[in-house]
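Read off the chains here:
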Amino acid sequence: MEPQLKASVTDGIATVVIANPAKRNAMSAGMWRALPGLLDRLAADPAVRVLVLTGEGDTFCAGADIAALREPGDEQQALAVRAEEALAAFPRPTLAAVRGYCVGGGSQLAAACDLRFAEEDARFGITPSKLGIVYPSSSTRRLAALVGPSTAKYLLFSGELIDADRALRTGFVDELHPAGELDKRVAEFTRVLASRSLLTQAAAKEFADGRLDRDAHWAEQARGSGDTAEGVAAFLERRAPRFTYGG
């Protein structure tokens, strides 16, 4: 099978699957190049409320296709950074569902998601020190913000893999689940996310990611959306809210 990104949308949940099983779902140059456009199309779909990124089979992503790194220049890294930034900027909640190895570019993509749920046997690593590669500054800052400077340095200096328990302790992972139960939990949690106010989520995502210039914008969006009035009314009437803000 040719390396590809598979996308589907069901009940408001977009799922993007990294599919390159011959190379443990390593990201080829074509896959890096395709991801931003795919994300743009999903962001433009008003039916999409949440995005899940996962790998085909029992591996999330083993990183970039190392064969492509033999090519001259830094195009491969630039492609990876553009894909990472596009994922981080996706305007709705994103969740990485991780099984098996989440290494190199796979960890780069997982870190760009808002949340990460993993199976208990997952392994995480960031391996540029094994290849003599300078990890991108934006990716390094994102990693340090997520796990703290010390753990970021441990991962980047050594290139060693850490187990899922350590990933949970350091904040790289938000939830761990036994083998066979990850899909059920992801489906359950994404249904919860899809039922909540996208207005709240979109504003919270920007604020949590450090935007300092959007207070007035989100105050205006809140005044015009009707979500607050609907949420309060639903609470008082003991019914599920019907939020209408679409971004």
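An account of the accompanying structure is given in this report. (Residues numbered from 1 in each chain as written. Predicted model: local features only at pLDDT ≥ 70, side-chain atom pairs only at ≥ 80, totals over all residues. Heavy atoms only, no water.)

### Thoughts on the nonpolar core
Test applied: Definition of nonpolar core: a set of buried residues of the types Ala, Val, Leu, Ile, Met, Phe, Trp, Tyr and Cys, connected through side-chain atoms within 4.5 Å. Exposed residues in this analysis have more than 50% of their type's maximum accessible area, buried residues have under 20%, and partly exposed residues fall in between, with area computed by a 1.4 Å probe over protein chains only. Any pair of residues with heavy atoms lying within 4.5 Å of one another is described as a contacting pair.
Counting residues in each nonpolar core, the largest one holds 48 residues, and the members touching the most others are Ile 18, Leu 51, Leu 53, Phe 60, Phe 124 and Phe 172. In contact with Phe 124, not counting residues within four places along its chain, are Val 98, Cys 102, Ser 107, Ala 118, Glu 160, Leu 161, Ile 162, Asp 163, Ala 164, Ala 167, Phe 172 and Val 173. Core analysis: the next-biggest nonpolar cluster, separate from the first, contains 11 residues, Val 50, Leu 182, Val 186 and Ala 194 among them.

### Overview of helix 3 (residues 105-112)
Put simply, the rule is: Put simply, DSSP marks the helices as runs of H or I at least four residues long and the strands as runs of E at least two long, and each gets a number from the N terminus on.
For helix 3, the tally of buried residues reaches 8 of 8 residues, placing the bulk of the element in the interior. For helix 3, the complete set of buried residues consists of Gly 105, Gly 106, Ser 107, Gln 108, Leu 109, Ala 110, Ala 111 and Ala 112.

### So, the pattern of salt bridges
Applied cut-off: Basic side-chain nitrogens of Lys or Arg form a salt bridge, by our definition, when they fall within 4 Å of a carboxyl oxygen of Asp or Glu.
Here the structure, examined in full by the defined rule, presents 13 salt bridges. Across the pair Glu 85 and Arg 142 runs a salt bridge, and its minimum N-O distance is 3.4 Å. With Glu 85 in helix 2 (residues 75-88) and Arg 142 in helix 4 (residues 137-147), this residue pair connects regions lying 57 residues apart in the sequence. On the basis of relative accessibility, which here comes to 21%, the residue Arg 142 falls in the partly exposed class. The shortest N-O distance in the salt bridge between Arg 214 and Glu 206 comes to 2.7 Å. In this structure Glu 206 comes out as buried when scored by relative accessible area, which is 17%. Overlapping salt bridges, with partners in common, bring together Glu 84, Glu 85 and Arg 142 in one network.

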